[in-house]
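What follows is each chain in one-letter form.
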Amino acid sequence: MILTCWIIDDEPLALSLLETYIRDTPGLRMTGKYNNPVSAMQDIVTQKVDLIFLDIQMPRINGMELARLIPPETKIVFITAFKEYALEGYRVNAFDYLLKPVSYDEFLTTFRKAQEWFAAIAKNNSGHQSPLQTDAVFVKSEHRLIPVFFKDILYIEGLKDYIKIYTLHQDRPIITLESMKNMETLLPDMLFLRVHRSFIVRKDKIQTVNRNRLTVANREIPIGRTYKQEVLHYIDSLS
């Protein structure tokens, strides 16, 4: 599998170093190099790329702002001299976060994780099961990148900057640094329902609905006022 990538960085030395790393890495091909984030922003809407190595502090538009315009199927690796951006980076669904100066070993580790990610997606999508049975969201938990299959999720609970993903086959939830808002965008609407600012549930795992609460896996989950109408609409559609 060959992955395509871009570099977006306004520092010439950083661009040159990353270009060297990419050239020395079998299975990785550079299809774009930008020292101007505005030019990259214009190409994002018309070109497909697997990985983007993205600086954060740049003129006119910074890397965090640019990341919000990048399609979710493109994975972002932030490369910056400022570690204080790490939390914000994960909030925009960064695949990885590397601090300058980046060694080739660090670069190669990130690339190999990306290979595993895209290989898992390709394997799932090439199976004989339907996409809804095989699709997954990948999350970072305990320093590992793991797939969580939609079919296994019971419900998701938000806790400030983290979420807890409760699944069919694990006694303990999977905990990952992620926002509920971003997680909601990664889940298919036909399978999942936001019922509260702190809860997303798998629709076919809802056991009962009673006034302002529902149950999933024998746990009572509140229905938020903002989401009640949508929940009632879904319940009515079942009758």
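The structure presented is a predicted model; accordingly, all values stated were derived computationally and were not measured. (Residues numbered from 1 in each chain as written. Predicted model: local features only at pLDDT ≥ 70, side-chain atom pairs only at ≥ 80, totals over all residues. Heavy atoms only, no water.)

**Student:** How do you make sense of unusual backbone geometry when you look at a structure like this?
**Tutor:** Excluding glycine, residues mostly have negative phi values, and the peptide bonds linking residues are mostly trans. Here Lys-100 and Pro-101 are connected by a cis peptide whose omega angle stands at -5°. As for its position among the elements, Pro-101 is in the loop between strand S5 (96-99) and helix H5 (104-125). One non-glycine residue, Lys-160, lies in positive phi territory at about 55°. Its place among the elements puts Lys-160 in the loop between strand S8 (153-159) and strand S9 (162-167). One non-glycine residue, Ala-217, lies in positive phi territory at about 55°. One can find Ala-217 in the loop between strand S14 (213-216) and strand S15 (219-222). Residue Ala-217 is classed as partly exposed on the basis of its relative accessible area, which comes to 40%. (Helix = DSSP H or I, 4+ residues; strand = E, 2+ residues; numbered from the N terminus. Buried < 20%, exposed > 50% of the residue type's maximum accessible area, 1.4 Å probe, protein only.)

**Student:** Which parts of the structure should I look at to understand the side chain of Arg-194?
**Tutor:** Here Arg-194 lies in strand S11 (residues 192-196). Classification of Arg-194 as buried rests on a relative accessible area of 11%. At 2.8 Å, the side chain of Arg-194 and the side chain of Glu-184 are in polar contact. Polar contacts involving the side chain of Arg-194 include one to the main-chain carbonyl oxygen of His-196, which spans 2.8 Å. Excluding residues within four positions of it along the chain, Arg-194 makes contact with Met-180, Lys-181, Glu-184, Phe-199, Ile-200 and Tyr-227. (Polar contact = N/O pair within 3.5 Å; in protein donor to acceptor, adjacent residues only side chain to side chain. Contact = heavy atoms within 4.5 Å.)

**Student:** Teacher, can you tell me more about the nonpolar core here?
**Tutor:** Among soluble globular proteins, nonpolar side chains are generally buried collectively. Core analysis: the biggest nonpolar cluster contains 22 residues, and Leu-28, Leu-51, Phe-53 and Phe-107 have the highest contact counts within it. The set of elements that each furnish at least two residues to this core consists of strand S1 (3-8), helix H1 (12-23), strand S3 (51-54), strand S4 (75-80) and H5. For this core, the element with the highest residue contribution is H5, accounting for six residues. Excluding residues that lie within four positions of it along the chain, Phe-53 makes contacts with Cys-5, Trp-6, Ile-7, Ile-8, Leu-18, Ile-22, Leu-28, Val-77, Ile-79 and Phe-107. Residues Tyr-34, Val-49, Met-64 and Ala-94 belong to the second largest nonpolar core, which totals 20 residues. (Core = buried A, V, L, I, M, F, W, Y, C linked by side-chain atoms within 4.5 Å.)

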